[in-house]
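# Coordinate inspection notes
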Amino acid sequence: MCGIAGCTGGLSAGAVVIASLKRLEYRGYDSAGITLGGSPLRTVKISGKVCSLERSLGPDDCLATWAIAHTRWATCGAPTAENAHPHLSGDGRISVVHNGIIENFAELREELTGSGHVFLSETDSEVIPHLIEEYYDGDPLRSTASALRRLSGAFGVAAVFERHPETIICASVGSPVVIGLDDGRTFVASDVQALAPYTRRVIRLKDGEIARLTPCGAEIFSLADLRPIRPEISDLPVETSVADKGGFEHFMLKEIMEQPECCSNALKGRLDFDRGTAVLPGLGLSPRELARVSRILIAGCGSSIHAGLAGAYCIEGLAGIPVSVEQASEFRYRNPVLEPETLVIALSQSGETADTVAAVREARSKGAWVTAVCNVEASTIAREADSVIPLRAGPELSVAATKTFTSQLVVLYLLALLAGRNRRLPFETASRLLREAEELPCLIREVLDEAPAIKALAEKYVRAEDMFYIGRGNLYPVALEGALKLKEISYVHAEGYHAAELKHGPIALLDELVPVVALVNPEDEGEKVCGNIRECLARKAPVIAVVAGKDMPDALPVRDIIRVPACSRFLLPAVAAVALQLFAYFFARSRGCSVDQPRNLAKSVTVE
Ligand code: AGP
């Protein structure tokens, strides 16, 4: 959730790490800091965003030839300058940036305090430079390794030493660290996004590896015994360099607008009209193995859970396989029952969400086949799962998931089709579903064309402080997602409810100040949702109806209507979600909120 950047070599390492940090800022942005190489080391830390850190630096700072830096999402200690990274050893000669969590930091801190170390922050991370100082014997690699072996938890770390100019030591234990190679310069970061402008040649540190970086390159060792390891150098795919807003005011709007293309990418090469089925080699199961699957369990967090809930409707509806959708955070703590015939789907945009990683490990340890549905193919979840179906949505930088959500819906739709054909879904039905899937990019484009009208509605309701989102059937997860989008980027209280559940309690909160967004599919429980809308209107709540097709199923006095194209009920969640994304975006923008980097949030949540 935090970001690490480092560079050694060249005449502008300071400027390079600041630029890298900006590319990582979507991951965490409460506070930031940098250590510039030299004697003495110079460390600058601020509470706030990377641009404030940049403003605190002088022109000479940018010319340093080695530097490490960090952007933080606060876990242990408030987002203050003191708690920002880098953290220093007692003598100020060792500086460390850290991602992750050190579970035994309290006992280490007590031990180090006992031997005279003084701590300046509330963080778990600060024990690392003090521990390295304790073990320092003139060799930065050996002393860092000795210190890191004392830690339990997950960590990505980079350290610099005043007495070892232009050397960076970095290590990875359960938290990603990637090294970039260039002529005369070597980089380190927690995410390839940071390296894309500088190099395509990267080494991804594996779990339990430590590296020594100099301007001439990287040497990799096993953290356990410092045995040298031959590095695997890979090439960065081209799209990781696409990190600009493309003329849009925010990444979120750009990513919403990219959805027709993302859906096309998610569908590309996966529709087999001849056999009337979907093709998902990433699933890694033969037709016979898939036929044996008696239950599917989908695990994820946040938006991924909502996509999973909508996907469950498809899978149960088309394939007749029972599906349960689990919050990954609960999964491993309730000793779940997994039969050998259970297929576990780990849904995650980032592939780094700690709870979902833990769910993958739990499911695999119980012998289940785990398929990751992931946007980042080099992520922990994608690597640890038995198989991976990529989302192919391209990098998503806004904290709010948009294009990856609709891509998840597309992949689950295809999975439902494939599993359905593997059972009793007739060829004709499947062929129709395939044709409808092909239409999805156009349907989404039609919703995007409604952006001006949706903007006007968002501005009309911009003063609301509480909102409800309601839906039935597979539009219920879309209601949950719409409410999540609104609350995370506008800080307005929004709750998603099953339309029928409203009267079991939450209706007590409705009055003329609490708008209700109601999702209506006239072809699927439309009359029933209209009944629920009537209940809201009777409590004077203003209603915004998102309606599939031209007509409301019933004559209702609702004037604020967002029309989305009528389509197959299995695809409607993707279409309706786009309308709610636009509504949330324009609502938050009108309130002057930081749309791409909402307060308190981070793009990938790598702590439990
Ligand atoms: C979505 O808008 C959120 N930012 C968040 O709920 C997110 O979906 C969740 O943290 C799960 O992330 P993942 O898909 O990367 O695992």
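Residues numbered from 1 in each chain as written. Predicted model: local features only at pLDDT ≥ 70, side-chain atom pairs only at ≥ 80, totals over all residues. Heavy atoms only, no water.

For the coordinates displayed, the defined rule picks out 5 aromatic pairs. Pairing Tyr136 with Phe161 gives two aromatic rings, centres 6.1 Å apart and planes at 25°, and the pair type is stacked. Residue Tyr136 is found in the loop between helix H4 (127-135) and helix H5 (140-148), and its partner Phe161 is found in strand S7 (residues 153-161); the two are separated by 25 residues along the sequence. Tyr136 sits in the partly exposed class, given a relative accessible area of 22%. (Phe/Tyr/Trp six-rings, centres within 6.5 Å; stacked < 30°, edge-to-face > 60°. Helix = DSSP H or I, 4+ residues; strand = E, 2+ residues; numbered from the N terminus. Buried < 20%, exposed > 50% of the residue type's maximum accessible area, 1.4 Å probe, protein only.)

Now for the pattern of salt bridges. Scanning the entire structure with this criterion turns up 28 salt bridges. Between Asp560 and Lys460 there is a salt bridge; the shortest N-O distance is 2.8 Å. Of the two residues, Asp560 is situated in strand S27 (residues 560-564) and Lys460 in helix H15 (residues 451-460); the sequence distance between them amounts to 100 residues. We classify Asp560 as buried; its relative accessible area is 12%. Via salt bridges that share partners, Asp137, Asp139 and Arg142 belong to a single interconnected network. (Salt bridge = Lys/Arg side-chain N within 4 Å of Asp/Glu carboxyl O.)

To continue, consider the site of the ligand. Around the ligand, 15 residues are found, and the nearest of them are Ser304, Ser348, Ser350, Thr353 and Glu488. Within the side chain of Ser348, a nitrogen or oxygen atom sits 2.6 Å from an oxygen atom of the ligand. Within the backbone of Ala401, one N or O atom sits 2.8 Å away from an oxygen atom of the ligand. Bound to the protein, the ligand loses 90% of the 410 Å² it would expose on its own. Assessed atom by atom at 2 Å from the grid points, the ligand resides in the second largest pocket. Elements supplying a minimum of two residues to the shell around the ligand: helix H9 (303-319) and helix H16 (476-490). No other element matches H16, which puts 3 residues into the shell around the ligand. Its residues assigned to classes, the shell around the ligand comprises 6 nonpolar, 7 polar and 2 charged. Residue assignment places the shell around the ligand across two domains, with domain 2 (245-438) and domain 3 (448-594) each supplying three or more. (Near = heavy atom within 4 Å. Polar contact = N/O pair within 3.5 Å; in protein donor to acceptor, adjacent residues only side chain to side chain. Areas by Shrake-Rupley, 256 points an atom, 1.4 Å probe, with all protein chains shown as cover. 1 Å grid on protein atoms, 1.4 Å probe; cavity = no way out; pocket = protein on both sides within 12 Å on 5 of 7 lines; lining within 4 Å. Sits in = over half its atoms within 2 Å of the grid points. Nonpolar A, V, L, I, M, F, W, Y, C, P; charged D, E, K, R; others polar. Domains from an automatic or database assignment.)

On to the domain arrangement of the protein chain, then. Under the domain assignment, the protein chain is made up of domain 1 (3-241), domain 2 (245-438) and domain 3 (448-594). The gap between the C-alpha centroids of domain 1 and domain 2 is 34 Å. Listed per partner, the contact involves 7 residues of domain 1 and 6 residues of domain 2. Summed over both partners, the interface of domain 1 with domain 2 comes to about 610 Å²; 63% of that surface belongs to carbon and sulfur atoms. (Contact = heavy atoms within 4.5 Å. Buried area = accessible area lost by both parts, 1.4 Å probe.)

All right, on to the nonpolar core then. Ranked by size, the top nonpolar core spans 95 residues in total, and within it Tyr469 and Phe583 carry the most contacts. No other element matches helix H18 (residues 572-590), which puts 15 residues into this core. Counting residues domain by domain, this core receives three or more from each of domain 2 (245-438) and domain 3 (448-594). With residues up to four places along the chain from it excluded, the contact list for Phe583 reads Ile454, Leu457, Ala458, Met467, Tyr469, Leu486, Ile544 and Ile562. Ranked by size, the runner-up nonpolar core spans 28 residues in total, among them Leu24, Ala67, Val178 and Ala196. (Core = buried A, V, L, I, M, F, W, Y, C linked by side-chain atoms within 4.5 Å.)

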